[in-house]
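Examining the three-dimensional arrangement
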Amino acid sequence: MQELHDAPLAPLTTFRLGGPATRLVTATTDDEVIATVRAADEAGTPLLIIGGGSNLVIGDKGFDGTALRIATRGFALDGTALTLAAGENWSDAVARTVEAGLAGVECLAGIPGSAGATPIQNVGAYGQEVSATITEVVAYDRRAGETVTLPNEECGFSYRHSRFKEHPDRFVVLGVRFALEDADGLSAPLKYAETARALGVEAGDRVPAAVARQTVLALRAGKGMVLDPEDHDTWSAGSFFTNPILTEAEHAVFLRRVQDRLGPDTAPPAFPAGEGLVKTSAAWLIDRAGFTKGYGSGPARISTKHTLALTNRGRATTEDLLALAREVRDGVHAAFGVTLVNEPVTVGVSL
């Protein structure tokens, strides 16, 4: 276990933003993770959990407390059952499952961050969500002071949400277990239209899992969503805003706003999101509100490849980023009456 004081946190995030932590502990075993959490809780010290840092916006003043970087390792396959330690690199783990000929997470390739973060956010992309394959999450329950194993049905999964996200100060994820599929090297049925089009197949078809993974990586790279230290479009948290979910009444009002602004024949994206709910596209809203790719003149700007990504062009501060985020959020609300919600977790700051 490594311990540093007045330690920079910006290098541990994909935004490369944020001030230092009073204390930074890097834990490489579950016992070290639990011991650090217990010590902080017993002392009443604020605690910040860091995995891959791909979903964090840390304030310029940093974090006055203990930052715990989870660097545990563990990848175990038993037939189609996969167990990952929380600190495992998620994208690398996906690649290894595809190499093993298994399906279920191949369309989640290229997502930065750690395995332990995936159930917290119910990570999803290109028609797959981790909640569809997670069987159990092993976590340290800070309230009970013990390690617990939560089956899928007790994790409270919904769109980019979970029990772990709802109660961020209670659970520290230690490991995640998945049930994958042996489909003779084929992918799970493709659910996302863009992926199917890129592959020249129909939604619902299967393709070789390795081909599906490479196609998703290419699609993500084209949007600046695969980490590249030389490409400032990837100095981001991926999608900064979640796709809004509206009630039918809210959606009707939204449609009227759209047609008043853009014309009676304009039809924004709409997807079923549960009984009486409709999901629309945050990227569409941002673009139609006038915030196009590359928008901004300061050190924080919208990605030149994708309107959902807010980026650090190399000299930004967290306040620069938040000013841009507020401008986009407020502009979308003024145009369409919809309030965008940030996907990354904010530390010491808020929108």
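Everything here concerns the structure above.
Definitions and limits used
- Residues numbered from 1 in each chain as written.
- Predicted model: local features only at pLDDT ≥ 70, side-chain atom pairs only at ≥ 80, totals over all residues.
- Heavy atoms only, no water.
- Helix = DSSP H or I, 4+ residues; strand = E, 2+ residues; numbered from the N terminus.
- Rg over C-alpha atoms; globule rule 2.2 N^0.38 Å.
- Buried < 20%, exposed > 50% of the residue type's maximum accessible area, 1.4 Å probe, protein only.
- Contact = heavy atoms within 4.5 Å.
- Areas by Shrake-Rupley, 256 points an atom, 1.4 Å probe, with all protein chains shown as cover.
- Lys, Arg positive; Asp, Glu negative; His and termini not counted.
- Charge placed at Lys NZ, Arg CZ, Asp CG, Glu CD.
- 1 Å grid on protein atoms, 1.4 Å probe; cavity = no way out; pocket = protein on both sides within 12 Å on 5 of 7 lines; lining within 4 Å.
- Points joined across faces, edges and corners; volume = space filled by probe spheres on them.
- Nonpolar A, V, L, I, M, F, W, Y, C, P; charged D, E, K, R; others polar.

Side note on the overall build of the protein
- On a plain count of helices and strands, the protein comes out with 9 helices and 20 strands.
- Its C-alpha atoms give the protein a radius of gyration of 20 Å, within 12% of the compact-globule value 20 Å for 351 residues.
- Dimensions of the protein along its principal axes, counting C-alpha atoms only, are 60 × 50 × 40 Å.
- Going through the 351 residues of the protein one by one, you find that 51% of them count as buried.
- For the protein, contacts bridging at least 24 residues in sequence account for 61% of all contacts bridging at least 6.
- For the protein, the computed accessible surface area is about 15500 Å², with 49% contributed by carbon and sulfur atoms.
- Charged side chains in the protein number 32 positive and 43 negative. The centres of these two groups are separated by 5 Å.

Concerning the environment of Ser-350
- Here Ser-350 shows up in the segment after strand S20 (345–347).
- On the basis of relative accessible area, Ser-350 is assigned to the partly exposed category, the value being 48%.
- When the C-alpha atoms of Ser-350 and Gly-44 are compared, they prove to be 23 Å apart, with 306 residues separating the residues in sequence.
- With near-sequence residues (within four places) excluded, Ser-350 lies in contact with Leu-322 and Arg-326.

Let's talk about the layout of surface pockets
- Quantified by volume, the second largest pocket comes out at close to 390 Å³.
- Gly-52, Asn-89, Pro-112, Gly-113 and Leu-227 are, among the 22 residues lining the second largest pocket, the residues nearest its centre.
- Along the lines of polarity and charge, the residues of the lining of the second largest pocket split into 9 nonpolar, 10 polar and 3 charged.

Considerations on unusual backbone geometry
- Unlike most non-glycine residues, Tyr-126 shows phi in positive territory, near 50°.
- Among the secondary structure elements, Tyr-126 is positioned in the loop between strand S9 (124–125) and strand S10 (128–129).

By themselves, these figures tell us nothing about what the structure is for.
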